[in-house]
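A structural walkthrough
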Amino acid sequence: MEAGETWLSKVEAVVSPVLASHGLRLVDAEWGREGRRWVLRFFVDKPGGVSVGDCQAASREAGDVLDVSGLIEPAYDLEFSSPGLDRQLRKDREFSWAVGKQVQCWVREPVDGLREFSGRLVAASATMLTLERPDGGTVELLRALITKARLEFEFRKQVGRK
């Protein structure tokens, strides 16, 4: 693990109790320079989805906790948001979070003659993803072969609406 990742892990550990108190789950965190400013961005989720109010409340409290922690020296902008409807998945934590959701994956070498797969992610490990295809079958994909993976937006039929 790189020094920056170790530092970001410490920041995540400080913020995690705040997220838990708001019923939020950390999907991803990013730290980087954007123009002249440093930006610390947290992507969070909860059952039923994240509201702007959830992000505002978590941001206020997390900002106070981070200020007291002394982990961040430069001035920075703190942002909280939902992961998004078609979020790209990269890290183990993101794949674990996406289990049960529709995903689309592309691989560098054909698997069963195909380079693109779509289905419900039913299992994710550091080395393998298992997708349930629309036909009910499953396919296992080596993570090392995956060049890109993202959530696939699901339209849901609303009951009681015309």
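How each quantity is defined
In this numbering scheme, every chain counts its residues from 1 along its sequence in written order. Per-residue local features of the predicted model are confined to residues with pLDDT of at least 70, and side-chain atom pairs are confined, for both listing and counting, to 80 or more; whole-chain, interface and lining totals are unaffected and use all residues. The basis for the side-chain values is all heavy atoms of the structure; hydrogens and waters are excluded. To qualify as a helix, a DSSP run of H or I must reach at least 4 residues; to qualify as a strand, a run of E must reach at least 2; elements of each kind are numbered from the N terminus. Note on classification: 1.4 Å probe, protein chains only; a residue is buried when its accessible area is under 20% of the maximum for its type, exposed when over 50%, partly exposed between these limits. Here, two residues are considered to be in contact whenever any of their heavy atoms come within 4.5 Å of each other. Under the convention used here, a 1.4 Å probe and the Shrake-Rupley method define accessible areas, while residue burial counts only the protein chains that appear. Within this scheme the basic residues Lys and Arg register as positive and the acidic residues Asp and Glu register as negative, but His and the chain ends are omitted. Charged side chains are reduced to one point each, which is NZ for Lys, CZ for Arg, CG for Asp and CD for Glu. Pairs of strands are assigned from DSSP output, requiring at least two bridges between the strands. Orientation is described by lines fitted to C-alpha atoms, with helices fitted over the stretch in contact, and by angles between N-to-C directions that extend from 0 to 180 degrees.

Quick look at the overall build of the protein now. When its secondary structure is counted, the protein shows three helices and eight strands. Listing the helices and strands of the protein from first to last along the sequence gives α-β-β-α-β-α-β-β-β-β-β. Summarising its shape, the C-alpha atoms of the protein cover approximately 55 × 45 × 30 Å along the three principal directions. Burial status across the protein gives 34% buried among its 162 residues. Across the protein, contacts joining residues at least 24 apart in sequence account for 56% of those joining residues at least 6 apart. Element-wise, carbon and sulfur atoms account for 51% of the exposed surface of the protein, whose accessible area totals about 9800 Å². If you average the places of the 24 positive and of the 25 negative side-chain charges in the protein, the two averages end up 5 Å apart.

Below, the discussion takes up the sheet that holds strand β3 (residues 76–81). Ordered in space as β1-β2-β3, the three strands form an open sheet in which the pairing is mixed. Edge strands, defined here as strands with exactly one partner in the open sheet, are β1 (25–34) and β3. Each adjacent strand pair in this sheet contributes to an overall mean axis angle of 15°, direction not counted. Alignment of β1 against strand β2 (residues 37–45), held across nine bridges, turns out to be antiparallel.

Before going further, it helps to spend a moment on the pairing of strand β7 (residues 138–142). Side-chain alternation along β7 places Val139 and Leu141 on a buried face and Thr138, Glu140 and Leu142 on a face that remains uncovered. Relative to β7, strand β6 (residues 128–132) runs antiparallel, the two being bridged by five bridges. Bridge pairing in β7 places Thr130 opposite Glu140. In sequence, β6 turns back onto β7 through a hairpin of five residues, with Gly136 there showing a positive phi of about 95°.

Once that is clear, we can look at the environment of Glu109. Summarising the element assignment, Glu109 is placed in strand β4 (residues 102–111). In this structure Glu109 comes out as partly exposed when scored by relative accessible area, which is 45%. For Glu109 and Ala62, which are 47 residues apart along the polypeptide, the C-alpha to C-alpha distance reads 43 Å. Residues contacting Glu109, with those up to four places away along its chain left out, are Leu114, Arg115 and Leu145.

Turning our eyes to something else, we now look at the environment of Phe43. Mapping Phe43 onto the fold places it in strand β2. A relative accessible area of 10% places Phe43 in the buried class. For Phe43 and Gly84, which are 41 residues apart along the polypeptide, the C-alpha to C-alpha distance reads 8.7 Å.

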